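One-letter residues, chain by chain:
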Amino acid sequence: MALGAGIVHGLAGPGGVLGVIPAVQMHDARLASIYLFFFCLTSTLTMGLFASLYGTCSSRLAGPRNAGDDQVQLDPHSTVETSSARAFWIEALSASLSIVVGILWLGLLSVGKLEDVFP
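Residues numbered from 1 in each chain as written. Predicted model: local features only at pLDDT ≥ 70, side-chain atom pairs only at ≥ 80, totals over all residues. Heavy atoms only, no water.

**Student:** Please explain the overall build of the protein as it appears in this structure.
**Tutor:** On a plain count of helices and strands, the protein comes out with five helices and two strands. The N-to-C order of helical and strand elements in the protein reads α-α-α-β-β-α-α. Burial status across the protein gives 13% buried among its 119 residues. In the structure as shown, the protein presents an accessible area of about 9600 Å², 72% of it carried by carbon and sulfur atoms. (Helix = DSSP H or I, 4+ residues; strand = E, 2+ residues; numbered from the N terminus. Buried < 20%, exposed > 50% of the residue type's maximum accessible area, 1.4 Å probe, protein only. Areas by Shrake-Rupley, 256 points an atom, 1.4 Å probe, with all protein chains shown as cover.)

Pasting the structure below:
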């Protein structure tokens with residue numbers, strides 16, 4: 001299912017167009033097929049590498065997972081966050097950043113300033 005969603009998202013963005021235009025210009029079905037195969041392969045590997053790197057960094061920031069609850073009770077009036085709670089906040093920050101980038105992207109696109117910011 002993730003592969004299918006990735007393919008749909010890839011075709012919806014500029015990457016799909018950038019992948020097809022050079023293949024059409026080749027006027028050779030064999031070369032165009034080879035080009036598209038390697039374009040898809042390298043795009044998938046690059047996204048996978050980025051996701052692995054981001055996941056590794058996030059896991060290290062969160063620290064080792066505890067088998068117990070998300071909080072350790074020191075006394076009735078005090079608690080200390082464990083790595084599970086840190087992992088939650090890292091995930092929440094990542095999700096929030098994704099939303100902010102999406103809103104910024106759409107906002108810049110709607111006012112025609114996207115090319116000025118990201119040439």
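What follows continues from the structure just given.
**Student:** Would you explain the side chain of Ser94 in this entry?
**Tutor:** Mapped onto the secondary structure, Ser94 falls in helix H4 (residues 83-110). With a relative accessible area of 18%, Ser94 lands in the buried category. Of note is the side chain of Ser94, whose polar atom sits 2.2 Å from the side chain of Tyr54. (Polar contact = N/O pair within 3.5 Å; in protein donor to acceptor, adjacent residues only side chain to side chain.)

**Student:** Hey, could you run me through unusual backbone geometry in this one?
**Tutor:** Outside of glycine, negative phi angles account for most residues, and trans bonds account for most peptide bonds. Despite not being glycine, His27 has its phi angle at roughly 55°, a positive value. Structurally, the position occupied by His27 is in the loop between helix H2 (14-25) and helix H3 (29-62).

**Student:** What should I look at first to understand the packing of aromatic side chains in this one?
**Tutor:** Each aromatic ring pair is specified by the distance between its two centres and by the angle formed by the two planes. Counting across every chain of the model gives four aromatic pairs. When the centroid spacing of 6.2 Å and the interplanar angle of 25° are considered together, the rings of Tyr35 and Phe39 count as stacked. Pair noted here: Tyr35 and Phe39 are both in helix H3, with a separation of four residues, about one helical turn. Assessed through its relative accessible area of 25%, Phe39 is described here as partly exposed. (Phe/Tyr/Trp six-rings, centres within 6.5 Å; stacked < 30°, edge-to-face > 60°.)

**Student:** What is the right way to look at the environment of Met47 in this model?
**Tutor:** Mapped onto the fold, Met47 is located in helix H3. Taking the C-alpha atoms as reference, Met47 lies 9.8 Å from Gly6; in sequence the two are 41 residues apart.

**Student:** Any chance you could explain the pattern of salt bridges here in plain terms?
**Tutor:** Where charged atoms from two side chains of opposite charge approach closely, those side chains can pair. Counting across every chain of the model gives one salt bridge. Of the charged contacts in the structure, one is a salt bridge between Lys113 and Asp116, with a shortest N-O distance of 3.9 Å. (Salt bridge = Lys/Arg side-chain N within 4 Å of Asp/Glu carboxyl O.)

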